Amino acid sequence: MASGWRGILGFDYGIVQAPLGPDISGPELAAAVADAGAIGLLRLPDWPSPDRVRELIRKTRSLTSRPFGAAIVLAFPHEENLRVVLEEKLAVLQVYWGEFPRERVEEAHRAGVKVLHQVRAIASCRPAVGSLEEAAKAKEAGVDGIIVQGREAGGHVIGQEGLFPLLPRVVDLVSDSGTPVIAAGGIVDGRGYAAALALGAQGVCLGTRFVATEESFAHPIYKQKLIEMSRTDYTNVFGRARWPDAPQRVLETPFYAGWKSNLSDQETEESQPIIGHSIIHGMHKDIRRFAGTVPNATATGDISSMAMYAGQGVGLIKEIIPAGEVVKRLVSEAKDVIRERLSDLK
């Protein structure tokens, strides 16, 4: 197969490195993914910080000559940060947790920036409806790709439906537009990549697997937990005050296991003691118990009691490796699955 196998949006491969908050996917990780021919995404601040955004972009450009992108959470103030992304003419803008209408997509396109919109199922008695409605809006807005996130994903996941039942429905919905659909949630290796392709996706988006890389800005203890542990849980224990109604999938660390059934529904991190400190996008932050902030490389204090997001595929992660090696293995393994296990089917 050619080196451009399953490429999307002008990149060599249909592999997207998820934006990892608060700053886990920084310049080093995004550049390493870009150098490997995949889509590396910077995670931008959740507050207006245009100078910081420009600094992140320019540092990344100093590390790679390949195209890359940035991600914005629409639920937080983002206009100033978005302006810098368009001024700097990044290859890709990923948006999620909110609407990004046609006029904004067209604004990005005028700057030469392609738009990926991540959709998720809204928690309700009919969970898939939310994603289908969001996908329809994204399609109508003229986005360049749609990321479909299943409940298996790590971090904040509002959806209630698994990826594989949901994915083909979104593929069918947008099939007449030619919009690439990218699968996210629990995918960590080439088997998951091949399975997503079989259901109609043109690419995959991985988060947890890229946290567990040499270039990620995650704290070493967090990385080590990702290769030691295999159990996750879907919870609302962390970050209730700052990001309400946004459940998350986390590692079942001893700290979490001891508290998950003993915390009242009304309790939030605001009344909890400070258990550590961190520098996030250049700003000093206190970390309170039950805060939704995962420990980055600067974090100090009781690291093991901090939130540690992880998708359900974490049990397949056995080592910390370079991000470029993650991309290389994904492509190689997916090719092997398709060639050895699927090509003989009649």
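Keep in mind that this is a model prediction, so the values were computed, not measured.

Caption draft 1: Quick peek at the sheet that holds strand β12 (residues 274-280). Strand order in the open sheet formed by three strands is β13-β12-β14, and the pairing between neighbours is antiparallel. Edge positions in the sheet fall to β13 (283-288) and β14 (300-301), since each has one partner strand and no second. By the bridge criterion, six bridges tie β12 to β13 in an arrangement that is antiparallel. For serine 278, the partnering residue across the bridge sits in β13 and is lysine 285.

Caption draft 2: Representation of the packing of helix α1 (residues 27-35) against helix α2 (residues 50-63) in the model. Here α1 crosses α2 at 45°, and the two axes come no closer than 9 Å. Taken together, the axes of α1 and α2 lie oblique to each other. Considering the relative orientation of α1 and α2, their crossing is right-handed. Mapping the contact onto sequence places Pro27, Glu28, Ala30, Ala31 and Asp35 in α1 and Leu56, Lys59, Thr60 and Leu63 in α2. For the contact of α1 with α2, the residue count by class is five nonpolar, one polar and three charged.

Caption draft 3: Layout of the pairing of strand β8 (residues 181-184). Residue alternation in β8 divides its side chains into two sets, Val181 and Ala183 and Ile182 and Ala184, and both sets are buried. Taken together, the three bridges between β8 and strand β9 (residues 203-206) define a ladder with parallel strand orientation. When the sheet's bridge partners are listed, alanine 184 is paired in β9 with cysteine 205. Since β8 and β9 lie parallel, the crossover through helix α7 (residues 190-198) that links them has a hand, and here it is right-handed.

Caption draft 4: Molecular detail of the pattern of salt bridges. Tallied over the full model, the rule gives 22 salt bridges. A salt bridge links arginine 61 to glutamate 88; the nearest nitrogen and oxygen atoms lie 2.7 Å apart. With arginine 61 in helix α2 and glutamate 88 in the loop between α3 (79-87) and β4 (92-96), the pair connects residues that are 27 residues apart, well separated along the chain. When its relative accessible area of 35% is taken as the criterion, arginine 61 is described as partly exposed. Residues joined in a network through salt bridges with shared partners are Arg54, Arg58, Arg61, Arg83, Glu87 and Glu88.

Caption draft 5: Focus on the confidence of the model for the protein. Scored by pLDDT, the protein has a mean of 92; 94% of the residues are at 70 or more. Of the regions scoring below 50 in pLDDT, residues 121-129 engages in 19 contacts with residues more than four places distant in sequence or in other chains.

Caption draft 6: Just the environment of glycine 239, in detail. With respect to the helices, strands and loops of the structure, glycine 239 is situated in the loop between β10 (232-235) and β11 (248-251). A residue is classified by how much of its surface remains accessible, and glycine 239, at 4% relative accessible area, is buried. A sequence separation of 60 residues divides glycine 239 from alanine 299, and the C-alpha atoms of the two residues are 17 Å apart.

Caption draft 7: The packing of α2 against α3, seen in detail. Two elements in contact, α2 and α3, have axes whose closest approach is 8 Å; the angle formed by their N-to-C orientations is 35°. The interaxial crossing formed by α2 with α3 has right-handed handedness. Seen from α2, the contacting residues are Pro50, Val53, Arg54 and Ile57; seen from α3, they are Glu80, Asn81, Arg83, Val84, Val85 and Glu87. In terms of residue class, the contact of α2 with α3 is built from five nonpolar, one polar and four charged.

Caption draft 8: Geometry of helix α9 (residues 220-228). All of the buried residues in α9 are Tyr222, Lys223, Lys225 and Leu226. Across the axial projection of α9, the buried residues extend over an arc of 160°, all falling on one side. For α9, the exposed residues set more than 90 degrees away from the buried face come down to Pro220 and Glu228.

Caption draft 9: Here's a closer look at the side chain of histidine 117. Secondary-structure assignment places histidine 117 in strand β5 (residues 114-120). On the accessibility criterion, histidine 117 (6% relative accessible area) is buried. Side-chain polar atoms of histidine 117 contact the backbone oxygen of glycine 98, separated by 3.1 Å.

Cut-off values and rules
Residues numbered from 1 in each chain as written. Predicted model: local features only at pLDDT ≥ 70, side-chain atom pairs only at ≥ 80, totals over all residues. Heavy atoms only, no water. Pairing = 2+ DSSP bridges. Helix = DSSP H or I, 4+ residues; strand = E, 2+ residues; numbered from the N terminus. Axes fitted to C-alpha atoms, helices over the stretch in contact; angles between N-to-C directions. Parallel < 35°, antiparallel > 145°, perpendicular 65-115°, else oblique. Left-handed = near helix turned anticlockwise from the far one by under 90°. Contact = heavy atoms within 4.5 Å. Nonpolar A, V, L, I, M, F, W, Y, C, P; charged D, E, K, R; others polar. Buried < 20%, exposed > 50% of the residue type's maximum accessible area, 1.4 Å probe, protein only. Right-handed = clockwise from strand over helix to strand, strands pointing away. Salt bridge = Lys/Arg side-chain N within 4 Å of Asp/Glu carboxyl O. pLDDT = per-residue confidence, 0-100. Arc of directions from axis to C-beta. Polar contact = N/O pair within 3.5 Å; in protein donor to acceptor, adjacent residues only side chain to side chain.

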